[in-house]
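Letter by letter, the chains look like this.
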Amino acid sequence: MVSFDDIKSNREIQVYLKTADDNFAAIGYKDHGIRHAKLSADVSGHILESLGYSKDACELAKIAAYLHDIGNAIGQEDHAQNGAVLALNLLENILSYDDIIKIISAIGSHEDKDLDPISPICAAVILGDKSDVHRARVRQKDMTKFETHDRVNYACLNSHFDVDSRNKIIALKLIVDEDICTVMEYFDIFLARIKYCRSAAKYLGCEFEFYINNTKL
């Protein structure tokens, strides 16, 4: 099977991801480029590996997470479904169709917040994507011009997942500068995202826990 490293080095894929990020940069929206793709992939693979999934499943999750926002190269609306189609075209001469369908189904459904994830790979992609909250994603440097997502991301100094495979707990832990964004305000803004992470963790047979500044919410 083609490895995640092969996908990362693919020139066509790099062009699509850069174009997707350039589209967001043009409107001043937060990073959705190669940095976000790689971090999402690393987290997705780590979660499945920690829970004992096969090496192949972990690689497919990393590939799907790396490509999950590629549809933004076309436009933000329906980017998940567009991304699935683009990924199919990019991967059909690289991977087997058995592997491709697992990847594109995860990409195409990773924004279906009202539905449960459709596979372990999809659940891992959701968790990898939603874990990327950090000031490094903010392009706007003038804090007086921050919109809500800018302020929330800029307030986050550190974010990471802990996976307790023995007790089946997946925990997202954030360190937030409360002078920029209060804990309760942060929780209010990210409630939908946290609920979606909980659904993804549940699909993987785990409880989901959320911490801000070492306080469990």
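Residues numbered from 1 in each chain as written. Predicted model: local features only at pLDDT ≥ 70, side-chain atom pairs only at ≥ 80, totals over all residues. Heavy atoms only, no water.

**What about the packing of helix H3 (residues 34-50) against helix H4 (residues 55-67)?**
Turning to step 1, where the next piece is worked out: Contact geometry for H3 and H4: axes closest at 7 Å, N-to-C directions at 155°. Taken as axis vectors, H3 and H4 run roughly antiparallel relative to one another. Crossing hand, H3 versus H4: right-handed. Residues Ile 34, Ala 37, Lys 38, Ser 40, Ala 41, Ser 44, Gly 45, Leu 48 and Glu 49 of H3 pack against Ala 57, Cys 58, Ala 61, Lys 62, Ala 65 and Tyr 66 of H4.
Turning to step 2, where the next piece is worked out: Residue composition of the contact of H3 with H4, by class: nine nonpolar, three polar and three charged. (Axes fitted to C-alpha atoms, helices over the stretch in contact; angles between N-to-C directions. Helix = DSSP H or I, 4+ residues; strand = E, 2+ residues; numbered from the N terminus. Parallel < 35°, antiparallel > 145°, perpendicular 65-115°, else oblique. Left-handed = near helix turned anticlockwise from the far one by under 90°. Contact = heavy atoms within 4.5 Å. Nonpolar A, V, L, I, M, F, W, Y, C, P; charged D, E, K, R; others polar.)

**Here we look at the sheet that holds strand S3 (residues 207-212)**
Turning to step 1, where the next piece is worked out: Across the sheet, which stays open at both edges, the four strands sit in the order S1-S2-S3-S4 with mixed pairing between neighbours. Taken across any chain shown, the strands that pair with only one partner, and hence form the sheet edges, are strand S1 (156-164) and strand S4 (215-216).
Turning to step 2, where the next piece is worked out: Sheet topology places S1 next to strand S2 (residues 169-176); eight bridges connect them, and they run antiparallel. Paired with Val 163 across the two strands is Ile 170, which belongs to S2. (Pairing = 2+ DSSP bridges.)

**Things to note about the confidence of the model for the chain**
Turning to step 1, where the next piece is worked out: Per-chain confidence: the chain averages 88 in pLDDT, with 99% of residues scoring 70 or above.
Turning to step 2, where the next piece is worked out: Highest mean pLDDT in the chain belongs to H4 (96); lowest belongs to helix H9 (residues 183-189) (79). (pLDDT = per-residue confidence, 0-100.)

**Focus on the packing of aromatic side chains**
Turning to step 1, where the next piece is worked out: Throughout the structure, instances matching the rule amount to four aromatic pairs.
Turning to step 2, where the next piece is worked out: With 5.5 Å between their ring centres and 80° between their planes, Phe 4 and Tyr 66 make a pair best called edge-to-face. Taken together, the positions of Phe 4 in helix H1 (residues 4-8) and Tyr 66 in helix H4 put the pair 62 residues apart, joining distant regions of the chain.
Turning to step 3, where the next piece is worked out: Ring centres of Tyr 186 and Phe 190 lie 5.1 Å apart, and the angle between their planes is 15°; on these two criteria the pair is classed as stacked. (Phe/Tyr/Trp six-rings, centres within 6.5 Å; stacked < 30°, edge-to-face > 60°.)

**Focus: helix H10 (residues 191-203)**
Turning to step 1, where the next piece is worked out: A rise of 1.5 Å per residue sets the reference length of H10, with its 13 residues, at 18 Å; its end C-alpha atoms lie 19 Å apart and thus fit the reference within 8%.
Turning to step 2, where the next piece is worked out: All buried positions along H10 are accounted for by Arg 193, Ile 194, Tyr 196, Cys 197, Ala 200 and Ala 201. What you see down the axis of H10 is that its buried residues fit within an arc of 160°, all on one side. Looking at H10, the residues exposed on the side facing more than 90 degrees away from the buried face are Arg 198 and Lys 202.
Turning to step 3, where the next piece is worked out: Each element contacted by the buried residues of H10 is listed here: helix H6 (97-109), helix H7 (120-130), S2 and S3.
Turning to step 4, where the next piece is worked out: Phi turns positive one or two residues past the end of H10, at Gly 205, with a value near 80°. (Expected span 1.5 Å × (residues − 1). Buried < 20%, exposed > 50% of the residue type's maximum accessible area, 1.4 Å probe, protein only. Arc of directions from axis to C-beta.)

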